[in-house]
2 protein chains.
Amino acid sequence: MGNLCQTLAGKKDGAPPVWLMRQAGRYLPEYRELRQTQASFLEACYTPKVATEITLQPMRRFDLDAAIIFSDILVIPHAMGQDVSFVRGEGPQLGPLQVPRLKYDPQALASVYEAVELARLAIGAEKDLIGFCGAPWTLACYMVEGRGSKAHDGVRHFALSRPQEMEALMELLVDALSTHLVAQAKAGASVLQIFESWGGACPYGGLEPFVFGPTKQIVDRVRLACPGVPIIGFPRGMGEHLVDYVKKTGVNAVGLDYTMNPEAVNQRLGKGVPVQGAVDPQALVVGGEILRQEVQRYKKAFKGRPHIMNLGHGVVPNTPPKHVEAFISYVREAS
Amino acid sequence: MGNLCQTLAGKKDGAPPVWLMRQAGRYLPEYRELRQTQASFLEACYTPKVATEITLQPMRRFDLDAAIIFSDILVIPHAMGQDVSFVRGEGPQLGPLQVPRLKYDPQALASVYEAVELARLAIGAEKDLIGFCGAPWTLACYMVEGRGSKAHDGVRHFALSRPQEMEALMELLVDALSTHLVAQAKAGASVLQIFESWGGACPYGGLEPFVFGPTKQIVDRVRLACPGVPIIGFPRGMGEHLVDYVKKTGVNAVGLDYTMNPEAVNQRLGKGVPVQGAVDPQALVVGGEILRQEVQRYKKAFKGRPHIMNLGHGVVPNTPPKHVEAFISYVREAS
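Because the structure is predicted, anything quoted here is derived from the model rather than measured. (Residues numbered from 1 in each chain as written. Chains lettered and ligands numbered in written order. Predicted model: local features only at pLDDT ≥ 70, side-chain atom pairs only at ≥ 80, totals over all residues.)

Colleague: For the packing of helix H7 (residues 136-145) of chain B against helix H9 (residues 163-187) of chain B, give the residues involved together with the corresponding values.
Modeller: Residue and element names in this part refer to chain B. One can describe the packing of H7 onto H9 by two numbers: an axis separation of 10 Å at closest approach and a directional angle of 120 degrees. On the basis of the axis angle, H7 is oblique to H9. The element H7 and its partner H9 pack so that their crossing is right-handed. Side by side, H7 and H9 meet where Pro-136, Leu-139 and Ala-140 of the first sit next to Leu-169, Met-170, Leu-173, Val-174 and Leu-177 of the second. (Axes fitted to C-alpha atoms, helices over the stretch in contact; angles between N-to-C directions. Helix = DSSP H or I, 4+ residues; strand = E, 2+ residues; numbered from the N terminus. Parallel < 35°, antiparallel > 145°, perpendicular 65-115°, else oblique. Left-handed = near helix turned anticlockwise from the far one by under 90°. Contact = placed C-beta atoms within 7 Å.)

Given below as structure tokens:
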């Protein structure tokens, strides 16, 4: 059992295990080089040897405790039949959403599971491998709006004005995402993470039907199929609802973002619940003493609780790779 | 004393007073028509008769309890010497930030205070008039990044890598904003609101130095100069930190956004603290029974507490004006 899984099973002592959201990505020159040989971002996701290679790149450079499979949360809308493309410098763009036409094709993602298998073979038994998906609400944000947005007006309008379609979309997503997570676990992922990246944009009235309810259904189904595989939920921007999120979804552990108050989390969240995070990615860009202090802040705050060190959001492209090395050494130095 | 001021002074019974963030704006055809005669958005802000006319437009159509002066939070960076322009369809764009060159010129905003005076004369004694500003952190987001952004990476990097400049910027903003709010109150604003629109993007370590501390300084200075003028803080996206925000800034009342849990706010926030909000602006777009239920939800939740009815964010441009009329009638109908 890797360090990450040990912490997820309740281990509190020793240095926290460490991995980084978006650790396989644009801040690495070898990633940028490899991506130039690929026609598109999605082609890289769907070519098992390429996805595996990108997954392994940060593991070769850094002594991280876990790899996360190189993929994207939008492979699911794509596998459901919606057009998805990644325009360089502009982020993802999705085609028009027609809920009645959506139909999930599990075969469409066979190459992702093959990449998981290859990565599992390559990283060695003492390292964990993380599979992941976007949560239903977060995917609905992209699927309705067609792209990332600031206010998510489109999805909130859709949910209020076309409630049956929203409900149908949630059901389709729960089915597809459960299947997708189970397939990643069966292919060798030892930990799963559900990214609720736009959780902070969910209106209060939508929390139960679009966040808590559907996420719980996914957690229940995955647990039934793969009882031993822990699930980390990352409800970004949902600090106020963090305790409810953990209680109502049943995730094993919760990822914090960098806006959340670690002391308040300690007071309000059950003592045994493992937490993950939550260094500001900009502290990783700046590095040095600023970074060291951020790392120590979270180590100190979560002493006495199972804690996975990570950022409070993904690594940004202008992060110097040597700061990641320093980050890991700060995590492991004596407090 | 208008209904709004009575509620801010502790009145709990009767229908809540009602106004809407961005009630003077693009969803009104008469606003769009008037704006066509102006060279730019800022010219409209800086022409007293035009700003007054726009302020009054929603008051003529709807029986709102308060007018809010037509202006923008970015008049302050502009009056400090930074280039500010509004590009149609793209939102605000600011020129490069050079903190040592910033110098606030209070005379630059004389036309805003003249508009406040004119609006005060026009709306009648039973209506309140709201003056406002952006909070220092929110303005820093715009001033550093040059425009609205999703992740606010730029300002977080600036704050960590150039701490002295960030501190200097905060001090300059506290001075300018205090002066600006006091001038609006002296010109006739009976209520002031501080918009912390990007509060949800502030990293945990920045809450004290960039949100709580500077906002408290502004509140203290305004209270000293205008002891009778209540201040509403609107810490958008800061549900987790709402109670700390009220305690640490000393605002008289707090505006909620539409993601916040009203029951949790009631449990955690001092019983006498007036709250404002927080209907989803998309419910105002959809209208009908959906809107009515949203209004009733907040009326019910905040029965027994001073409550100002409002949206949980600004009116969006595609809002049908007749839904605003319905909104007000739902607010005033028996529960």
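Don't stop here, the text continues.
Colleague: Any chance you could break down the interface of chain B and chain A for me, citing the residues and the numbers?
Modeller: If you look at the interface, chain B gives 27 residues, while chain A gives 27 residues. Going through the elements one at a time, helix H8 (153-161) and helix H13 (281-286) of chain B are the ones with two or more residues in the side of chain B that touches chain A. Broken down by element, the residue count for the side of chain B that touches chain A peaks at 5 residues, all from H8 of chain B. For the side of chain B that touches chain A, the class distribution of residues is 12 nonpolar, 10 polar and 5 charged. (Nonpolar A, V, L, I, M, F, W, Y, C, P; charged D, E, K, R; others polar.)

Colleague: Tell me about the packing of helix H6 (residues 110-123) of chain A against helix H9 (residues 163-187) of chain A, and please be specific about residues and values.
Modeller: Residue and element names in this part refer to chain A. Where H6 meets H9, the closest approach of the two axes is 8 Å, and the angle between their N-to-C directions is 30 degrees. Taken together, the axes of H6 and H9 lie roughly parallel to each other. Every pair of crossing elements has a handedness; the one defined by H6 and H9 is right-handed. Along its contact with H6, which presents Tyr-113, Val-116 and Glu-117, the element H9 presents Ala-183, Gln-184 and Ala-187. Considered class by class, the residues forming the contact of H6 with H9 number 4 nonpolar, 1 polar and 1 charged.

Colleague: With reference to specific residues and values, describe the nonpolar core.
Modeller: Formed by 227 residues in total, the largest nonpolar core has its most connected members in Ile-69 and Ala-140 of chain A together with Ile-69 of chain B. Examining the composition of this core, we find that 11 residues originate from one element, H9 of chain B, more than from any other. Setting aside residues no more than four positions away along its own chain, Ile-69 of chain B makes contact with Ala-51, Thr-55, Ala-115, Val-116, Ala-119, Leu-129, Ile-130, Gly-131, Gln-184 and Ala-189 of chain B. (Core = buried A, V, L, I, M, F, W, Y, C linked by C-beta atoms within 7 Å. Buried ≥ 20, exposed ≤ 12 C-beta atoms within 10 Å, placed from the backbone.)

Colleague: Please provide a residue-by-residue account of the sheet that holds strand S9 (residues 307-308) of chain B, values included.
Modeller: All names here are of chain B. Strand order in this open sheet of 7 strands is S1-S4-S5-S6-S7-S8-S9, and the pairing throughout is parallel. The open sheet has two free edges, formed respectively by strand S1 (66-68) and S9, since each of these has just one partner strand. Here strand S8 (residues 275-276) runs beside S9; their pairing, made up of 2 bridges, is parallel. Note on S9: the bridge partner recorded for Val-275 is His-307. Of the strands in this sheet, strand S5 (191-196) and strand S6 (231-235) touch helix H10 (residues 207-225), which is tilted by about 165 degrees from S5. (Pairing = 2+ DSSP bridges.)

Colleague: Please set out the relation of the copies chain B and chain A residue by residue, giving values where relevant.
Modeller: Mapping chain B onto chain A is achieved by rotating through 180 degrees and translating by 0.0 Å along the same axis, at an RMSD of 0.0 Å. These values place the two chain copies in the arrangement generated by a two-fold rotation axis. Looking at the rotation axis and the C-alpha trace of chain B, the residue lying nearest is Glu-240 of chain B, at 2.0 Å. (Least-squares fit on C-alpha atoms with pLDDT ≥ 70 in both.)

Colleague: Would you mind going over the sheet that holds strand S7 (residues 253-255) of chain A in detail, with residue names and values included?
Modeller: Residues and elements named next belong to chain A. Pairing in this open sheet of 7 strands is parallel, and the strands run S1-S4-S5-S6-S7-S8-S9 from one edge to the other. Only two strands of the sheet have a single neighbouring strand rather than two, namely strand S1 (66-68) and strand S9 (307-308). Sheet topology places S7 next to strand S8 (residues 275-276); 2 bridges connect them, and they run parallel. Counterpart to Val-254 in the pairing with S8 is Val-275. Helix-sheet contacts for helix H11 (residues 242-249) involve strand S6 (231-235) and S7, and the interaxial angle to S6 is about 145 degrees.

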